[in-house]
Amino acid sequence: GHTVKPMPYDRMLAEAEPIAERLAEALRFDSEASIAEPVERGGKFQIREYLRDRETPFVIQEDRPEPPTMEIRIIVDHSTSMGSMHGSPMYCAALASMSVHLACTELGIPHVASITPDDIRVADNGSGERGLALISGSQVSKCSYEDMGKTVKLHAQELMRGNADWKVILAIHDGATNDGSVLTETCRALRDQVVIIGVGIGPNVTVIAPILRAEFGSDRLILIPEVDELATKLTGIIRNIRG
């Protein structure tokens with residue numbers, strides 16, 4: 001009773017695109033070419049560069065590191081408690097998933113969007129219009145269990161087998177998972193290996209905040225009444241972790 005069927009996605013896509021643009025801009029780690037640049041006035045004279053090129057004696061070569069690689073998983077709870085109307089936690093969760101999916105596709109960031117329970121994988125880098133239609137169709141279903149902990153653990157194990165510099169999971173739910181102990185233990189055990197971020201979204205975030213805080217930790221938690229705030233909150237957490 002909780003399958004995901006494709007639905008028209010034009011409306012959700014229009015809402016998601018501006019959010020995705022801001023998110024993509026925040027997540028874009030462009031590498032700067034390692035090129036020779038003029039030293040600012042008062043810089044140190046580089047005799048080796050002078051001997052190598054007399055035409056540009058005050059030029060130094062800077063080696064800049066490559067930008068970090070990233071892989072992202074979006075896991076959305078669509079159990080009955082998530083609600084169903086426009087503006088409900090379920091709609092906001094689907095909209096957030098669509099926004100992250102669009103941003104990752106634009107930037108070429110490997111990602112998977114999954115619906116729980118049963119880890120129904122609806123979109124990835126190559127899913128095209130089908131992925132958009134399935135995300136739009138991830139409406140609330142008649143099921144009273146979520147298995148968020150098991151699904152997060154499964155995706156975390158898959159990420160750890162990869163070699164991305166940043167392994168990120170966004171777990172979007174209302175805190176009412178049936179396996180909260182598994183979720184909490186997974187977040188604590190893998191804290192230094194995978195960035196597992198709980199996302200409380202929609203009009204009831206203040207009510208569910210204590211449960212999510214206990215599951216994910218205060219520094220790995222996003223609480224947003226509106227999806228528009230997702231880009232700022234997500235990149236803020238990543239930057240804090242990166243230092």
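Predicted model only: the values in this text are computed from it and were never measured. (Residues numbered from 1 in each chain as written. Predicted model: local features only at pLDDT ≥ 70, side-chain atom pairs only at ≥ 80, totals over all residues. Heavy atoms only, no water.)

## Comments concerning the side chain of Asp-119
- Here Asp-119 is to be found in the loop between strand S4 (111-116) and strand S5 (120-124).
- Among the polar contacts listed, one links the side chain of Asp-119 to the side chain of His-155, at a separation of 2.8 Å.
- Excluding residues that lie within four positions of it along the chain, Asp-119 makes contacts with Ser-114, Thr-151, Leu-154 and His-155. (Helix = DSSP H or I, 4+ residues; strand = E, 2+ residues; numbered from the N terminus. Polar contact = N/O pair within 3.5 Å; in protein donor to acceptor, adjacent residues only side chain to side chain. Contact = heavy atoms within 4.5 Å.)

## Re the nonpolar core
- In this structure, Ile-72, Met-98, Ile-197 and Ile-201 are the most contacted members of the largest nonpolar core, which totals 52 residues.
- Element by element, the count of residues in this core is highest for helix H3 (residues 89-107), at 12 residues.
- Residue contacts for Ile-72: discarding those within four places in its chain leaves Leu-27, Val-100, Cys-104, Ile-109, Pro-110, His-111, Val-112 and Val-168. (Core = buried A, V, L, I, M, F, W, Y, C linked by side-chain atoms within 4.5 Å. Buried < 20%, exposed > 50% of the residue type's maximum accessible area, 1.4 Å probe, protein only.)

## Structural notes on the confidence of the model for the chain
- When pLDDT is averaged along the chain, the result is 85, and 82% of the positions lie at 70 or above.
- Looking at the elements of the chain, mean pLDDT is at its lowest for strand S1 (residues 36-38), recorded as 49, and at its highest for helix H5 (residues 148-160), recorded as 97.
- For the stretch residues 31-37, pLDDT sits under 50, and the model shows 18 contacts to residues farther than four places along the chain or on other chains. (pLDDT = per-residue confidence, 0-100.)

## Focus: the pattern of salt bridges
- In total, this model carries eight salt bridges according to the counting rule given.
- Between Arg-73 and Glu-71 there is a salt bridge, with its nearest N and O atoms 3.3 Å apart. Glu-71 shares its class with Arg-73; the two are buried.
- In this structure, Arg-73 and Glu-158 form a salt bridge, with 2.7 Å as the shortest nitrogen-oxygen distance. (Salt bridge = Lys/Arg side-chain N within 4 Å of Asp/Glu carboxyl O.)

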